[in-house]
Amino acid sequence: MVFHRVDGRSSRTCLVSLLRRSGRAIPCLVLILAAALPVWAGRPAAAAEPSQSPGGFQDEVIDAFSYADDAEAQAAWKPSERSQPVRIAETDGARYLEIPLPFAADTQRARSVHDRAIRLDLSAPGVFLLELAVDQPAAAASVSLYFHSGEGWYAGSARVAESRRSVLRFPKSQFRTEGNPAGWDKVDGIRIAFWRGRDLNASARLFSLTSRRHDIALVVPSQKRHGTKPEFRTAEETARRMADFLDALGLDADWLEDDALDEGVLAAHPLIIVPYHPFLDGQTTATLLSAMRRGSKGFFFYQVPGAIYEHLGLGGARYAAQREEGQFAEIRLERSALPDLPQSVRQSSWNITDVRPASQDARVIGWWYDREGKATDRAALTISPRGAFFSHILLSSDAANKQMMLAAVLGYLRPELRAVMLRAAIDRAGKVGHLDGIPALEDWVARHPTADASARQALQEGRDLLAAAEKAPPSQPRLAMVREARDRLTAAYLAAQDSPAVEGRAYWNHSGLGAYPGDWERTAKELKAAGFNMILPNMLWGGLAHYPSDLLPRSSTWEQYGDQIEQCVRACHAHGIEVHVWKVNFNLSTAPKQFVATMREAGRTQVDPDGNPIGWLCPSHPENQRLELESMLEVAKKYPVDGLHFDYIRYPGPNGCYCDGCRRRFQEETGQTVEHWPQDCYSGPLKDSYRRWRCEQITRLVAAVASEAKRLRPEIKISAAVFGDYPACRDSVGQDWVAWIDAGYLDFVCPMDYTNDDSRFVSLVQRQRSLPQRRIPLYPGIGAWQMPSEDRVIGQIVLARELGADGFTIFNLAPDSAVTTLPAVAAGVGRVPALPPHRKATD
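Read on for a plain summary of the structure. (Residues numbered from 1 in each chain as written. Predicted model: local features only at pLDDT ≥ 70, side-chain atom pairs only at ≥ 80, totals over all residues. Heavy atoms only, no water.)

**Some thoughts on the nonpolar core**
- Of all hydrophobic cores here, the largest spans 165 residues; its most connected members are Ile 273, Phe 299, Leu 410 and Leu 644.
- Counting residues per element, this core draws most heavily on helix α10 (residues 399-413), at nine residues.
- Beyond its immediate sequence surroundings of up to four residues, Leu 410 is in contact with Leu 246, Leu 249, Leu 251, Leu 271, Ile 273, Phe 299, Leu 417 and Met 421. (Core = buried A, V, L, I, M, F, W, Y, C linked by side-chain atoms within 4.5 Å. Buried < 20%, exposed > 50% of the residue type's maximum accessible area, 1.4 Å probe, protein only. Helix = DSSP H or I, 4+ residues; strand = E, 2+ residues; numbered from the N terminus. Contact = heavy atoms within 4.5 Å.)

Given below as structure tokens:
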């Protein structure tokens, strides 16, 4: 269907009247599409679930793919990168576009690409829907949807999980930019690309490409206007995080950039959220105020102009930076103020904007407390009938309670949202871990009778609570009741897990301080209690060390807390936990400025093809190879660590390195002459040869560390955190980790399979299991910070086990994960102590 409404009607009248109400000219393309609507409406319904946005949602078809014949389709959609032409096919009287995917016939093809030239204003929609079917889903690793604008692209990605007709969602919040796009309102082309998965010949059938608008708006800074400003990336990431929180609540939102903010379009959104916009100017502020004066409610975060505070009924805004770490650690909420408001929310903020009510109808409903539980007399959350204000950006920690806090405020501002969020919460309550509903959970618990007996009791309690929530009257805090039900269902899932006696259970620790700075004993004790047998603490970088190094500058962490390797090893070994010291290789982002300047002056840092400096050491420089090798060996010599762990053992991307030294060393080592530097090696006739040479520079260091470390201490283990998308990482970053395994350099490997898409995770692990000829333990990396809840982390552990992985590695051990993920692992998967298989093989 072209235009959907909550009442189920679909008509060209609705589409055209929508455009007229918006005050915009009606594009000829849209009028043509609307006129053709009766033909499309007779096609089978899309597999997408309808939006539950209370005010409805508005769809506009961008392309129905129902061209008259091959010639018309091929005139619209042009193949590139040696892709095959599209063709038109027909089923049950409905035409669709067919794209060949010959990934078995052409094993060198990275993707199939087709482009269409078209002018569109896509500033208003929040999501794009691509209805399709792929007869061999495994052939396509992913599908990319691109919109060309100016001198760049907006790029979104999704995965095909099944062969039947389905709809892929491309939320605008998840699009990334490539190059310099001119704005969503200036789109002049569409690209659809299917990326190689397995070596299979397949075909993709495209039925429609649609844009969708919603009732909630996220107002964000545009890259075109603000992309070079220091806070832009933080603002963009914060807005994406907000979109994820809304999605978890069953809500969709439109991503509206400030450079194309239309007053009529904005005012059509009953709810406007500004997650963080440090660049609000007078024009954007006036547009926001105009929409709110016409009835829209606003929810703002951290910093806004005074006129918006005044409209909300707030005043006395004061910036407050934390005087000491942990001053702003928790928000305690007035639960009686709003239905479903949680008691507290954990968030470690470093600064805030403290505001107070300036009108009789505004009130503070949340206050900041420090990590010792003491009140700070600083307001965290303030509401009025016109909107709400939270005094910092919303961070990712304590996601479940943050979702409840958001739900309570959104339900207060727009009461009709409560029913939408309740329905979504009920529908998702039984979708825990890797399971898709309560029947699957019941079956899972039944098939694990030897697991913790509490699982059966928690399952029954969860079902009873969910039934009670569905029957409760609207006056009750039904969303909180569903949350409690889901907590019990989650407890059942966590308890009903096997816990093998042989398994690698590792945690990356990025800070190098453990979960509790200054207290490695507590960290080690809690890791042991949760069943972990390894920790990979980040103790050194390309230009920094958290211990008294004789080779690298010593960090402020070392100055404040002392020798972190010594403290970590002592505490962890006392609790039977292995320590594999993690080094961030080559990367100078944490190094002292003087150290970086010295390296750059000596010609030891990387350069991109345009001659711009990159803050990484050049891997081909002999002195850098020596520094990386000796700094890692220094750890093995000074401390009884169990292993050395590589990270960033690669180039930063395809743009590194093109320094003069690389040209000279490439010519000397390969015997090839570079006539046009760096073009010949970057994109010209020597590109493939140069990329192989880059791989050799990285492999040389891995081989040297493995050889020398084992000569010093034969029992030491060598491992690496690597990109999951092999073999693409050989060309993109010079990382040929499968060759390292086959050569015997690694004792175990930790691919960074960071995704909250379980089908993507499964695909990565399956491929990784099949790659090396030499078998070593595989401990897939799980990105816990991307998960909406801890049961999803456990779900990927279960999936990794089912696929034959030898363990798991979780990122990242921090104060928040210590109170969320550690207990989740302890409840089931880590219940029985385990021996890591890399140790079992030698002991």
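So, next bit.
**A few points about the packing of aromatic side chains**
- One pass over the full model with this rule turns up 36 aromatic pairs.
- Centroid distance Phe 532 to Phe 808: 6.1 Å. Interplanar angle 80°. Geometry classified as edge-to-face. Here Phe 532, found in the loop between α15 (520-529) and β25 (534-540), pairs with Phe 808, found in strand β33 (residues 807-811); they are 276 residues apart in sequence, far enough to count as distant. Judged on exposure class, the residue Phe 532 and its partner Phe 808 are both buried. (Phe/Tyr/Trp six-rings, centres within 6.5 Å; stacked < 30°, edge-to-face > 60°.)

**Some details on the sheet that holds strand β5 (residues 111-120)**
- Here we have six strands laid out as an open sheet, ordered β2-β5-β11-β7-β8-β10, and antiparallel in their pairing. Edge positions in the sheet fall to β2 (78-80) and β10 (176-180), since each has one partner strand and no second. The mean inter-strand angle of the sheet, taken between neighbouring strand axes irrespective of direction, is 25°.
- Pairing of β2 with β5, which is carried by three bridges, proceeds in the antiparallel orientation. Bridging from a neighbouring strand, Ser 80 pairs with Val 113 of β5. (Pairing = 2+ DSSP bridges. Axes fitted to C-alpha atoms, helices over the stretch in contact; angles between N-to-C directions.)

**As for the environment of Arg 774**
- When you line up the elements, Arg 774 lands in the loop between α25 (758-770) and β32 (781-783).
- Of the residues examined, Arg 774 reaches a relative accessible area of 34% and is grouped as partly exposed.
- Separated by 36 residues in sequence, Arg 774 and Val 738 have C-alpha atoms that sit 9.0 Å apart.
- A polar side-chain atom of Arg 774 sits 3.4 Å from the main-chain carbonyl oxygen of Leu 746. (Polar contact = N/O pair within 3.5 Å; in protein donor to acceptor, adjacent residues only side chain to side chain.)

**Observations concerning helix α8 (residues 282-293)**
- Spanning twelve residues, α8 covers 16 Å between terminal C-alpha atoms, matching the ideal 16 Å at 1.5 Å per step.
- Those residues of α8 not exposed but buried are Thr 284, Thr 285, Thr 287, Leu 288, Leu 289, Ser 290, Ala 291 and Met 292.
- Immediately beyond the C-terminal end of α8, within one or two residues, lies Gly 295, with a positive phi of roughly 120°. (Expected span 1.5 Å × (residues − 1).)

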